[in-house]
Amino acid sequence: MREKLKALAELQNVDLEVASLRKAADVHPRQIAELERELGVARSAIEAERARVTDMERQKAEREQNITDEKDKVKKWEARLSEQRSTREYSALAREIDIAKKANLTMAEEQVELIKQLGLAREALKGKEADFGTKQQGLSARMAELRGKLGESEAQVKTLEGRRSGVASAVDSNLLRRYEVIRKKKLPALVGVVAGTCQGCNMNVPPQLYNNLRTSLGTDVCPSCNRIIYAVEALQETPAAAK
Ligand SMILES: [Zn+2]
């Protein structure tokens, strides 16, 4: 009886170790996701900055084209000025030219301001690009570290699972079947009874059952929580009842 119990206890030790490894590694995917989110936010911010500069560059090119077109128009109008026959037509065209020249002047002033702003925006972007690069590097390094840890614990779990089948084959088949059913719902599935109290549910087991456990050094089922129970004395080196 005691050997059966010991084999099952050993199996549970493997299962508990796997469970604790999985639990510890469980935080890593969440941490990685959090870092990825952080990186995503930083990337969106830098992309918005790049888009702002690109937009200003486009605006600048468009206005440059406009200014050239308007200047050409004025030149053509000025050439036609001498062809005007009536004074009325002449002054009307002269007025148009005047308005166009003023508009062009305003555009030129706006262009100077835009070029100034663009210079500042490019400079600011350069700094932000550098900051983003540093941040990206840091986040990537941390993610790689977490992925490494995750891989490590996965490898450890795999090793333990490999060992598990060997350990399980030493467990009595009926006991193993019962254990497998319980452990899917609650781990530990095998618990000791200390001074008459089940360590799984903290309820007292009937005195007769407790006495039987101590005498047989085997296992039974807790009437309260249905876990497999044993008297803790049974797994001690020199159990009193074995003397
Ligand atoms: Zn119990």
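In this text, all values refer to a predicted model and were calculated from it rather than measured experimentally. (Residues numbered from 1 in each chain as written. Predicted model: local features only at pLDDT ≥ 70, side-chain atom pairs only at ≥ 80, totals over all residues. Heavy atoms only, no water.)

Trainee: Please set out the overall build of the protein residue by residue, giving values where relevant.
Mentor: When helices and strands are tallied, the protein shows four helices and four strands. Reading the protein from its N end, one meets helices and strands in the order α-α-α-β-β-α-β-β. Over its C-alpha trace the protein gives a radius of gyration of 41 Å, far above what one expects of a compact globule, namely 18 Å for 243 residues. In terms of principal-axis extent, the alpha carbons of the protein reach across some 135 × 30 × 25 Å. (Helix = DSSP H or I, 4+ residues; strand = E, 2+ residues; numbered from the N terminus. Rg over C-alpha atoms; globule rule 2.2 N^0.38 Å.)

Trainee: Please provide a residue-by-residue account of the UniProt feature "domain: CT398-like coiled coil hairpin" (unreviewed entry) in the protein, values included.
Mentor: In the numbering used here, UniProt assigns the feature "domain: CT398-like coiled coil hairpin" (unreviewed entry) to residues 11-186. The straight-line gap between the two end C-alpha atoms of residues 11-186 is 15 Å; of that span, 95% is helix and 0% is strand. (UniProt positions renumbered as here; feature names shortened; annotations may be inferred.)

Trainee: Can you tell me about the coordination of the zinc ion, naming the residues and giving the values?
Mentor: Taken together, the protein ligands of the zinc ion are Cys198 (SG), Cys201 (SG), Cys222 (SG) and Cys225 (SG), with distances of 2.2 to 2.3 Å. Seen from the zinc ion, its four donor atoms lie at angles of 103 to 114°, and the figure they make is tetrahedral. Donor residues for the zinc ion, ordered by position in the chain, follow C-x2-C-x20-C-x2-C. Pair noted here: Cys198 is in strand 2 (residues 197-198) and Cys225 is in the loop between strand 3 (220-221) and strand 4 (228-231), with a separation of 27 residues, a long-range link. (Donors = N, O, S within 2.8 Å, 3.2 Å for Na, K, Ca; no water. Tetrahedral: all angles 85-135°; square planar, octahedral: opposite > 155°, others 65-115°.)

Trainee: Residues and numbers for the domain arrangement of the protein, please.
Mentor: By a frequent convention, interface size equals the accessible area lost on bringing the separate parts together. You can read the domains of the protein as domain 1 (2-169) and domain 2 (173-242). Taken together, the contacts link 13 residues of domain 1 with 19 residues of domain 2. Applying the counting rule to domain 1 against domain 2 returns two salt bridges. Scanning the region where domain 1 abuts domain 2 turns up six residue pairs in polar contact (both at pLDDT 80 or more). Contributions of two or more residues to the side of domain 1 that touches domain 2 are made by helix 1 (2-81) and helix 2 (87-169). (Domains from an automatic or database assignment. Contact = heavy atoms within 4.5 Å. Salt bridge = Lys/Arg side-chain N within 4 Å of Asp/Glu carboxyl O. Polar contact = N/O pair within 3.5 Å; in protein donor to acceptor, adjacent residues only side chain to side chain.)

Trainee: Which residues make up the sheet that holds strand 3, and what are the values?
Mentor: Read across the open sheet, the four strands follow the order 2-1-4-3; overall the sheet is mixed. Each edge of the open sheet is held by one strand with a lone partner, namely strand 2 and strand 3. Both strand 1 (residues 190-194) and strand 2 contribute to a ladder of two bridges, which runs antiparallel. Its bridge partner being in strand 2, Val194 is matched across the sheet by Thr197. Relative to the sheet, helix 3 (residues 173-185) contacts strand 1, strand 3 and strand 4, its axis offset from that of strand 4 by approximately 115°. (Pairing = 2+ DSSP bridges. Axes fitted to C-alpha atoms, helices over the stretch in contact; angles between N-to-C directions.)

Trainee: Explain the pattern of salt bridges residue by residue, including any values.
Mentor: The final tally for this structure, using the stated rule, is 24 salt bridges. Where Glu57 meets Arg122, a salt bridge forms, and the shortest distance between an N and an O atom there is 2.8 Å. Of the two residues, Glu57 sits in helix 1 while Arg122 sits in helix 2, which places them 65 residues apart along the sequence. For Glu57, a relative accessible area of 31% translates into the label partly exposed. By relative accessible area, which is 41% here, Arg122 ends up partly exposed. (Buried < 20%, exposed > 50% of the residue type's maximum accessible area, 1.4 Å probe, protein only.)

Trainee: Pulling in residues and values, what's your account of the packing of helix 1 against helix 3?
Mentor: Where helix 1 meets helix 3, the closest approach of the two axes is 11 Å, and the angle between their N-to-C directions is 30°. As the angle between them shows, helix 1 and helix 3 are arranged roughly parallel. For the pair helix 1 and helix 3, the sense of crossing is right-handed. Taken together, the residues of helix 3 that come into contact with helix 1 (itself represented by Lys4, Leu8, Leu11, Gln12 and Asp15) are Leu175, Leu176, Tyr179 and Arg183. (Parallel < 35°, antiparallel > 145°, perpendicular 65-115°, else oblique. Left-handed = near helix turned anticlockwise from the far one by under 90°.)

Trainee: Tell me what's going on with the nonpolar core, and back it up with residues and numbers.
Mentor: Of all hydrophobic cores here, the largest spans 23 residues; its most connected members are Leu8, Leu11, Val171, Leu176, Tyr179, Leu190 and Ile228. Looking at this core, the elements with two or more residues in it are helix 1, helix 2, helix 3 and strand 4. A per-element tally of this core places helix 1 first, with eight residues. Built from parts of two domains, this core gets at least three residues from each of domain 1 (2-169) and domain 2 (173-242). (Core = buried A, V, L, I, M, F, W, Y, C linked by side-chain atoms within 4.5 Å.)

Trainee: Explain the UniProt feature "coiled-coil region" (unreviewed entry) in the protein to me, using residue names and the numbers behind them.
Mentor: With numbering matched to this structure, UniProt assigns "coiled-coil region" (unreviewed entry) to residues 32-87. Within residues 32-87, the helical portion is 91% and the strand portion 0%, while the C-alpha atoms at the span's ends are 80 Å from each other.

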